[in-house]
Amino acid sequence: FCLLDMYTKSCKLGSGGFGNVYKLKHKLNKEIVAAKFVRVSEYLHKADTIQQILKEAQYLMTLDHENILKLQTAFLINQEIAIITEYIPGGELGKYLEKQDEPMTEIQACAVMHELVKAMVYVHSKKILHRDLKLENILLQDPKNPCSVKIIDFGLASLCSNNEYGMSGTLLYSPPELLSGKSKKSSNKADVWSLGIILYILLTKKFPFEGTTDAKTKHCICNQKLKFPKDLKISSELEDLIINMLEKDPRKRFNINQVGLHSWLEMNKEKIK
Ligand code: ADP
Ligand code: MG
Ligand code: MG
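Rules behind the numbers
- Residues numbered from 1 in each chain as written.
- Chains lettered and ligands numbered in written order.
- Predicted model: local features only at pLDDT ≥ 70, side-chain atom pairs only at ≥ 80, totals over all residues.
- Heavy atoms only, no water.
- Donors = N, O, S within 2.8 Å, 3.2 Å for Na, K, Ca; no water.
- Helix = DSSP H or I, 4+ residues; strand = E, 2+ residues; numbered from the N terminus.
- Salt bridge = Lys/Arg side-chain N within 4 Å of Asp/Glu carboxyl O.
- Buried < 20%, exposed > 50% of the residue type's maximum accessible area, 1.4 Å probe, protein only.
- Pairing = 2+ DSSP bridges.
- Near = heavy atom within 4 Å.
- Polar contact = N/O pair within 3.5 Å; in protein donor to acceptor, adjacent residues only side chain to side chain.
- Areas by Shrake-Rupley, 256 points an atom, 1.4 Å probe, with all protein chains shown as cover.
- Axes fitted to C-alpha atoms, helices over the stretch in contact; angles between N-to-C directions.
- Parallel < 35°, antiparallel > 145°, perpendicular 65-115°, else oblique.
- Left-handed = near helix turned anticlockwise from the far one by under 90°.
- Contact = heavy atoms within 4.5 Å.
- Nonpolar A, V, L, I, M, F, W, Y, C, P; charged D, E, K, R; others polar.
- pLDDT = per-residue confidence, 0-100.
- Expected span 1.5 Å × (residues − 1).
- Bend = angle between axes of the 7 residues up to and from the residue.

Bringing the coordination of the magnesium ion (ligand 3) into the picture now. Perfect tetrahedral coordination of a metal by four donors corresponds to 109.5 degrees between them, and perfect octahedral coordination by six donors corresponds to 90 or 180 degrees. Around the magnesium ion (ligand 3), the donor atoms from the protein are Asp153 (OD) and Asp153 (OD), and they sit 2.3 Å away. Between the magnesium ion (ligand 3) and the magnesium ion (ligand 2), a separation of 3.9 Å is found, and both are coordinated by aspartate 153. Looking at the element boundaries, aspartate 153 is found in the loop between strand S8 (145–151) and strand S9 (158–159).

Have a look at this one:
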């Protein structure tokens with residue numbers, strides 16, 4: 001008999017490299033939660049992999065923010081780590097965007113960015129890097145309202161002070177310094193780059209740097225100048241923010257606090273309430 005017996009499994013919510021995510025319902029109070037099961041059996045001989053897997057729960061435990069997935073509990077069961085969190089009902093931001101004919105308006109994108117930036121200012125203030133920010137790892141709180149979001153999946157997260165290698169996240173969201181070999185460590189500037197990619201997609205439904213092969217995509221990210229679609233109408237403030245988030249040189253790129261203080265987020269503050 002174990003804690004999991006208190007829940008009935010309903011559907012699978014997702015699956016990834018390390019494990020699966022299910023929706024569960026508590027048998028007594030009917031509360032719905034999400035459970036991520038990460039297999040450790042194959043890694044029992046690799047202490048550092050186990051450490052990385054445990055970190056996901058550990059970071060969620062540290063973080064308490066309205067726009068970040070809330071942990072309930074985590075435990076080991078049958079050689080798997082079970083991470084029990086709140087259930088977020090609105091689905092992935094990427095799936096929402098796919099279903100829409102048009103990209104977001106500037107005001108909608110601002111509402112989303114406002115929440116993401118607020119959350120990431122908080123994460124970086126705790127000296128934690130997410131390292132895997134992308135549309136699949138941002139969930140809507142409400143399927144009908146794209147403007148209220150939560151960040152999930154701290155499976156690749158690390159501490160700023162650690163010399164964690166590369167991004168190992170998704171190529172299309174990876175910054176040039178991690179692809180060109182200029183920097184072996186990921187930094188808080190890598191998260192800002194990924195957020196810049198997200199902002200660009202919200203407004204265009206396109207990746208700013210994308211080739212037909214991984215090698216070509218890498219080349220675009222590292223060498224191609226940032227371009228906006230000709231028919232895209234955005235304010236000069238927004239253009240300035242994107243340019244500073246997608247600055248190829250991480251030393252010149254904005255940090256998350258500079259993003260948070262940018263005039264574009266400030267000027268739309270009134271309209272999104
Ligand atoms: P992975 O590390 O394998 O990408 P994630 O933690 O990102 O695992 O979860 C995979 C998918 O499962 C997510 O993209 C999302 O669609 C779904 N999911 C994860 N956690 C939740 C949750 N708390 N509520 C609802 N859906 C979730
Ligand atoms: Mg994920
Ligand atoms: Mg992950």
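Looking now at the pattern of salt bridges. One pass over the structure, following the stated rule, counts nine salt bridges. Measuring nitrogen to oxygen at the nearest pair gives 3.0 Å for the salt bridge that ties lysine 150 to glutamate 86. With lysine 150 in strand S8 and glutamate 86 in strand S5 (residues 80–86), the pair connects residues that are 64 residues apart, well separated along the chain. Three or more residues are tied together by salt bridges with common partners; here these are Lys36, Glu56 and Asp153.

With that settled, the discussion passes to the pairing of S5. Counting buried positions along S5 gives five out of seven residues, so the element sits mostly inside the fold. Where strand S3 (residues 32–39) lies against S5, seven bridges are found, and the strand directions are antiparallel. Note on S5: the bridge partner recorded for lysine 36 is isoleucine 83. By the bridge criterion, six bridges tie strand S4 (residues 71–77) to S5 in an arrangement that is antiparallel.

Turning to the site of ligand 1, a few remarks are in order. Contacts to ligand 1 come from 17 residues, most closely from Lys36, Glu86, Glu92, Glu136 and Asp153. Side-chain polar atom of lysine 36 to an oxygen atom of ligand 1: 2.8 Å apart, as the coordinates give it. Asparagine 137 is positioned such that a nitrogen or oxygen atom in its side chain is 3.0 Å from an oxygen atom of ligand 1. In isolation ligand 1 offers 550 Å² of accessible surface; the protein chains occlude 84% of this area. Put simply, the parts of the chain that give the shell around ligand 1 at least two residues each are strand S1 (7–15), S3 and S5.

This part covers the sheet that holds S1. Pairing in this open sheet of five strands is antiparallel, and the strands run S1-S2-S3-S5-S4 from one edge to the other. Pairing within the sheet leaves two strands with one partner each, and these edge strands are S1 and S4. Shown here is a sheet whose adjacent strand axes are inclined to one another by a mean of 25°, direction ignored.

Turning to the packing of helix H5 (residues 188–204) against helix H7 (residues 236–245), a few remarks are in order. Where H5 contacts H7, the axes come no closer than 8 Å and their chain directions differ by 140°. On the basis of their axis angle, the class for H5 and H7 is oblique. Here H5 and H7 pass one another in a crossing that is left-handed. Mapping the contact onto sequence places Val192, Trp193, Leu195, Gly196, Leu199, Tyr200 and Leu203 in H5 and Leu238, Leu241, Ile242 and Met245 in H7. Counted by class, the contact of H5 with H7 contains ten nonpolar, one polar and no charged residues.

Take the confidence of the model for the protein next. In this model, the protein carries a mean pLDDT of 92, and residues with pLDDT of at least 70 account for 97%. This prediction of the complex comes with two scores: 0.94 for pTM and 0.99 for ipTM.

Turning our attention to unusual backbone geometry. At lysine 30, a residue that is not glycine, the phi angle is positive and equals roughly 65°. Within the element layout of this structure, lysine 30 appears in the loop between strand S2 (19–26) and S3. Phi at glutamine 79 is positive, roughly 60°, even though this residue is not glycine. Examined against the element boundaries, glutamine 79 turns out to sit in the loop between S4 and S5. Taking the relative accessible area as the measure of exposure, glutamine 79 reaches 44% and is therefore partly exposed.

The α-helix winds at 3.6 residues per turn, so residues separated by three or four positions along the chain end up facing the same way. The terminal C-alpha atoms of helix H1 (residues 47–62) lie 22 Å apart, and with 16 residues this matches the ideal 22 Å at 1.5 Å per residue to within 8%. Of all bends in H1, the biggest is about 30°, found at lysine 55. Taken together, the buried positions of H1 are Thr49, Ile50, Gln52, Ile53, Lys55, Glu56, Ala57, Tyr59 and Leu60. On its buried face, H1 is in contact with S3, S4, S5, strand S6 (128–129) and S9.

A few words on the side chain of histidine 262. Turning to its location among the elements, histidine 262 is positioned in the loop between helix H8 (256–260) and helix H9 (263–267). Overall, the relative accessible area of 7% leaves histidine 262 in the buried class. Discounting residues that sit within four places of it in the chain, histidine 262 has contacts with Glu237, Asp240, Leu241 and Phe254.

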